[in-house]
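A look at the structure
Okay, here's what each chain looks like letter by letter:
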Amino acid sequence: MAARIRSAGWYAGTDRNAFIHRAWMRRGLPAHAFDGRPHIAIANTASDLSPCNTHLDEVADHVKRGVWEAGGVPLDLPVISLGETLVRPTAMLWRNLAAMAAEELFRANPIDGVVLLGGCDKTIPALLMAAASVDLPAVVVPGGPMLTGTFQGRPLGCGTDVWRLSEEVRAGTLSEQDFLTSESSMIRSRGHCNTMGTASTMGCVAEALGMTIPGTAGTPAPDSRLLERAHEAGRLAIELVEADRRPSTVLSRGSFLNAIVAVAAIGGSTNAVVHLLAIAGRLGIELSLEDFDAVGSRVPLLVDLQPAGKHLMEDLFRAGGLLAVLREVADLLDPEALTVTGRPLVDHLGDARIWDETVIHPRTAPLQGAAGIAVLRGNLAPNGAVIKPSAASPHLLRHRGRAVVFDSIEDYHARIDDPDLDVEADSVLVLRGCGPRGYPGMPEVANVPLPARLLAQGVRDMVRICDGRMSGTAYGTVVLHVAPEAASGGPLGLVETGDLIALDVPARRLDVELSDAELDARRPSAALTGAFAAPARGWERLYVDHVLGAEVGADLDFLVGSSGSAVARDSH
Ligand code: FES
């Protein structure tokens, strides 16, 4: 045990301030709660308005049992929660606010360590960003995916099947009544989306980074083993404090490269790119967009899960879970990258087994030889753009087509089904004004629905290009995170309908067939000067004034880096 733990700075001694700190906490806590034992905050994102996280109160109860058992004091700490499907204009606008608020609460309060309870898309990234900046001992318990729902005898993937079924309605191959009936079948239980969307991806990312007890990620939310792991995490939190094992101890560049390998092998969400860049930025760990391509794109895709494949998270857990996947690619992992257990991640892979090779393919028979996320550059994306080839149509990975440009998602919805819109199957749909500054918040709109006329003709995919993000549950040949974004002066804002755009994923290129002089002659474009109006006040104002580009994680410029847990001044 450290000679004097952090919370003793509030509670130890006989002076007036120590009296105040203890007295106001003495609502059932005995005197020995303040004898120098660790106080562990349970940063809980449970909220009725974050439906994927509502069960975390029960998870927190089991964390508490573990903390008490190991000799600590557990303390509830409700933090900002973001319900991905509900929050407008996009939960991503609030990720940095949630991270900033959690960071300040961790620092301001008399705690020695923290257990992070997240689930729905932005909640784990925000908590990890906060914990990285404060650098108090921390462990993540991912809330876990929901069980598989079925409709008309077929499994339903949250999100992915919403896109698929709604496209079927627009194409006239599914009745609206059947579509509405499927609504009550989709969310079968507590937990987050059951596809390999952002929530599932970030749970796995937290584990690959080393920030969970290995074997926890992907445990279905209703599975009693999640509560068992929550109990263990409570116990571990005390060990973390005693060993002074902090996020900066656990996380290294190797941890982030391991996470990139994991994201590729599981077919994870492109959203992992912005979140990993932001978390690394908090720790001062060098990580670039190119690392995702250099490390991730040679990793085989082993997991057959929606949206890229067939199965769902419950199947992945049954088939052996993330550790079984990582065991197959163990040679690609950094052998020294640690976990919260104090041992390297690779040390935890020995007992992992694949129990169903239709869900987790062995390395010898991958779904794709090289998956991961491809990073594109060119005169349309000087600072980079990303595409997930495993979710794209192979015949579109090299494509040249005429741009059809939309200045906002509202513009898109207003015109896409206009019978006079000049759009064909080989057109390239360009949607701009959806970056971090432009929207603001970088929403998941890039996977725009196809024109109904083309859907009715049987077209199921087209090249789409956007400075926003795509839901992790979505699929298609969609180029995302184009940087710089249009609202920050990026060339995406200069493209006009009719320009020829060339996408070449194997060559990692994204270009508009215009010379630099032709592009410059279009400045300043209406898209840059007219569509973007800075918000007048509040968080949105702060956000657009300080948000960084997607290519570095879309954090706020003044939140990058670590500020530690020290607070020099008292409140009395
Ligand atoms: Fe919460 Fe998908 S909406 S994880």
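Here the structure is shown first, and the text comes after it.
Residues numbered from 1 in each chain as written. Predicted model: local features only at pLDDT ≥ 70, side-chain atom pairs only at ≥ 80, totals over all residues. Heavy atoms only, no water.

1. Let's talk about the packing of helix α3 (residues 56–69) against helix α9 (residues 224–243)
For any two helices packed against each other, one specifies the inter-axial angle together with the distance between the axes. Defined as follows: Angles run from 0 to 180 degrees between N-to-C directions of axes, and those axes are lines fitted to C-alpha atoms, restricted for helices to the stretch in contact. Going along the chain from the N terminus, every DSSP run of H or I of four or more residues is numbered as a helix, and every run of E of two or more is numbered as a strand. Any angle from 65 to 115 degrees is called roughly perpendicular, while one under 35 is roughly parallel, one over 145 is roughly antiparallel, and all others are oblique. For any pair of crossing helices, the crossing counts as left-handed if the nearer helix is rotated counterclockwise from the farther one by less than a right angle, and right-handed if it is rotated clockwise. The contact definition used throughout considers only heavy atoms, calling two residues in contact when any of these lie within 4.5 Å. Gly falls in the polar group here, along with every residue not listed as nonpolar (Ala, Val, Leu, Ile, Met, Phe, Trp, Tyr, Cys, Pro) or charged (Asp, Glu, Lys, Arg).
For the pair α3 and α9, the least separation of the axes is 7 Å and the interaxial angle reads 40 degrees. Between α3 and α9, the angle falls in the class oblique. With respect to the hand of their crossing, α3 and α9 are arranged in right-handed fashion. On α9, the residues touching E58, V59, H62, V63, R65, G66, V67 and E69 of α3 are L226, L227, A230, H231, G234, R235 and I238. Here the contact of α3 with α9 is composed, by residue class, of 7 nonpolar, 4 polar and 4 charged.

2. Remarks on the sheet that holds strand β2 (residues 73–78)
The line we're drawing: At least two DSSP bridges between two strands are required for those strands to pair.
Spatial ordering of the open sheet is given by β2-β1-β3-β4, a layout of 4 strands whose pairing is parallel. Two strands in the sheet have a free side with no partner beyond their single neighbour: β2 and β4 (138–142). Pairwise comparison of adjacent strand axes, ignoring direction, gives a mean angle of 20 degrees for this sheet. The pairing of strand β1 (residues 39–44) with strand β3 (residues 113–118) spans 5 bridges and is classified as parallel. Bridged to A43 within β3 is L116.

3. Re the packing of helix α6 (residues 160–171) against helix α7 (residues 176–186)
Viewed as axis vectors pointing N to C, α6 and α7 meet at an angle of 170 degrees, and their least axial separation amounts to 11 Å. The orientation of α6 relative to α7 falls into the category roughly antiparallel. On the side of α6, the interface is formed by D161, V162, L165, S166 and V169, while α7 contributes F179, S182 and M186. Residue composition of the contact of α6 with α7, by class: 5 nonpolar, 2 polar and 1 charged.

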